[in-house]
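Chain by chain, the residues:
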Amino acid sequence: MAEDIQQKLEQYRTAPFDARFPNQNQTRNCWQNYLDYYRCQKVLDAKGVDTAPELWYKRVYKSLCPLSWIEKWDSQREDGTFPGKL
Amino acid sequence: MAHQAHAYHMVDPSPWPLTGAIAALLMTSGLAIWFHFHSTMLMTLGLVLTLLTMYQWWRDIIREGTFQGHHTPPVQKGLRYGMILFITSEVFFFLGFFWAFYHSSLAPTPELGGCWPPTGIIPLDPFEVPLLNTAVLLASGVTVTWAHHSIMEGERKQTIQSLALTILLGFYFTALQAMEYYEAPFTIADGVYGSTFFVATGFHGLHVIIGSTFLAVCLLRQIQYHFTSEHHFGFEAAAWYWHFVDVVWLFLYVSIYWWGS
């Protein structure tokens, strides 16, 4: 499983088709992966477990999300005003 | 002497449509003047003219129908169609606001936190005052039906009592809503939640006030012996309008207060 995820990360080109978000508007795809990355990070850091799997979410959101959104959400998280549940 | 050979009502020339149109113009342009030049004079003038037009126009209709006998069965049928069409148009008016609410709440955007209610919004508890309001309006639906049956059975005292009770329940609803508005932890400026909540419930409240006024006019007319057990369309129109207001509240309650929390 760990080799799979490593392989997947090495062979990464761009975010693959996600059947949860089949339509043209990919906003939710970006939003969900951004949330999943930071939620995953929070949970795995607390447990002290290897955090390689969460890199997948990071790669996906970095591929999909407009940079301005990432910057806005990052500064909201710093200020404590991020509206999503982390 | 020429008499009409038909049962319809050819209305005498009247100035009220013109004053009504002028009033509408003054109110709308007055609104724009208020927004840009901080003066409420034109708008207030328009409002006063509107109220005068409404008072005099409807007074004339009452004179034509109740005192001069122009409201024959075909004429009354036309008035019924008119009221039904008007209420239907109001249904579509509210449908728009429900559309807006569901558009924003079924697929909440990231700006809201991807959830409904949005992050940071504390919605009102649907099982507190809103539930009481539901009970009040449902009860008022019962009392207005009681009033109708009393009219049809020629029971003068019961009609007056049940109609007065209906109006009191309407006032109670308005007072409770006003208190809720004052005490609410969110305002109309609080994102799309605040906008959809206060515009939808606000227009509903305005319709409750209009409906209560209509019923109050019916009460005054009832006291002055205008209605007969066979012919009391003014009251029926008010009762239809009141039931419509009640139904809109039920949809508001289930959608915005209950599901939306």
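Here is what the cut-offs are and how they apply
Residues numbered from 1 in each chain as written. Chains lettered and ligands numbered in written order. Predicted model: local features only at pLDDT ≥ 70, side-chain atom pairs only at ≥ 80, totals over all residues. Heavy atoms only, no water. Contact = heavy atoms within 4.5 Å. Buried area = accessible area lost by both parts, 1.4 Å probe. Salt bridge = Lys/Arg side-chain N within 4 Å of Asp/Glu carboxyl O. Nonpolar A, V, L, I, M, F, W, Y, C, P; charged D, E, K, R; others polar. UniProt positions renumbered as here; feature names shortened; annotations may be inferred. Helix = DSSP H or I, 4+ residues; strand = E, 2+ residues; numbered from the N terminus. Domains from an automatic or database assignment. Polar contact = N/O pair within 3.5 Å; in protein donor to acceptor, adjacent residues only side chain to side chain. Buried < 20%, exposed > 50% of the residue type's maximum accessible area, 1.4 Å probe, protein only. pLDDT = per-residue confidence, 0-100. Axes fitted to C-alpha atoms, helices over the stretch in contact; angles between N-to-C directions. Parallel < 35°, antiparallel > 145°, perpendicular 65-115°, else oblique. Left-handed = near helix turned anticlockwise from the far one by under 90°. 1 Å grid on protein atoms, 1.4 Å probe; cavity = no way out; pocket = protein on both sides within 12 Å on 5 of 7 lines; lining within 4 Å. Points joined across faces, edges and corners; volume = space filled by probe spheres on them.

**A few points about the interface of chain B and chain A**
Phase 1: Contact with chain B, which involves eight residues of that partner, is made by eight residues of chain A.
Phase 2: Each partner contributes to the roughly 570 Å² buried at the junction of chain B and chain A, and carbon and sulfur atoms together form 55% of this total.
Phase 3: Connecting chain B to chain A are zero salt bridges.
Phase 4: Of the residues assigned to the side of chain B that touches chain A, the class counts are four nonpolar, three polar and one charged.

**Considerations on the UniProt feature "domain: Heme-copper oxidase subunit III family profile" (unreviewed entry) in chain B**
Phase 1: According to UniProt, the feature "domain: Heme-copper oxidase subunit III family profile" (unreviewed entry) maps to residues 4-261 of chain B in the numbering used here.
Phase 2: Helix and strand shares over residues 4-261 of chain B are 76% and 0% respectively, and the end C-alpha atoms of the span are 61 Å apart.

**Considering the domain arrangement of chain B**
Residues and elements named next belong to chain B.
Phase 1: Assigned domains of chain B: these are domain 1 (1-70) and domain 2 (72-257).
Phase 2: Each of domain 1 and domain 2 has a C-alpha centre, and these two points are 25 Å apart.
Phase 3: Contact with domain 1, which involves eight residues of that partner, is made by five residues of domain 2.
Phase 4: Here domain 1 packs against domain 2, burying approximately 590 Å² in sum over the two surfaces, 68% of which is carbon and sulfur.
Phase 5: Summed over the shared surface of domain 1 and domain 2, the result is zero salt bridges.
Phase 6: Inspection of the region where domain 1 meets domain 2 yields three residue pairs in polar contact (both at pLDDT 80 or more).

**Considering the pattern of salt bridges**
All names here are of chain B.
Phase 1: With the rule as written, the count across this model stands at five salt bridges over all chains.
Phase 2: R80 is the salt-bridge partner of E236, the closest N and O atoms lying 3.0 Å from each other. Of this pair, E236 sits in helix α7 (residues 233-259) while R80 is found in helix α3 (residues 73-106), placing the two residues 156 residues apart along the sequence.
Phase 3: Among the residues examined, E236 registers a relative accessible area of 12% and is labelled buried.
Phase 4: Ionic contacts of the salt-bridge type, sharing partners, join the residues R59, D60 and R63 into one network.

**Considerations on the environment of W146 of chain B**
All names here are of chain B.
Phase 1: With respect to the helices and strands, the residue W146 is situated in helix α4 (residues 129-152).
Phase 2: For the pair W146 and I223, spaced 77 residues apart in sequence, the C-alpha to C-alpha distance is 17 Å.
Phase 3: Excluding residues within four positions of it along the chain, W146 makes contact with Q158, S162 and L165.

**Some details on the confidence of the model for chain B**
Phase 1: Summary statistics for chain B give a mean pLDDT of 97 and a share of 100% for residues scoring 70 or more.
Phase 2: Two summary scores accompany this predicted model of the complex, namely pTM at 0.92 and ipTM at 0.85.

**Regarding the packing of α4 of chain B against helix α5 (residues 156-183) of chain B**
Residue and element names in this part refer to chain B.
Phase 1: The contact between α4 and α5 brings their axes to 8 Å, and the two run at 160°. Viewed along their axes, α4 and α5 adopt a mutual orientation that is roughly antiparallel. In the packing of α4 onto α5, the handedness of the crossing is left-handed.

**A look at unusual backbone geometry**
All names here are of chain B.
Phase 1: The omega torsion across W116 and P117 is -5°, close enough to zero to call that bond cis.
Phase 2: The residue P117 is located in the loop between α3 and α4 in this model.
Phase 3: The backbone of H38 sits at a positive phi, close to 60°, despite the residue not being glycine.
Phase 4: Among the structural elements, H38 can be located in the loop between α1 (16-37) and α2 (41-67).

**Quick word on empty space enclosed by the protein**
Residue and element names in this part refer to chain B.
Phase 1: Taken as a whole and assessed by the stated rule, the structure comprises one cavity of 30 Å³ or more.
Phase 2: Lining the largest cavity, in full, are P123, L124, Y193, F197, I256, Y257, G260 and S261.
Phase 3: Looking at the lining of the largest cavity, the elements that each hand over two or more residues are α6 (191-223) and α7.

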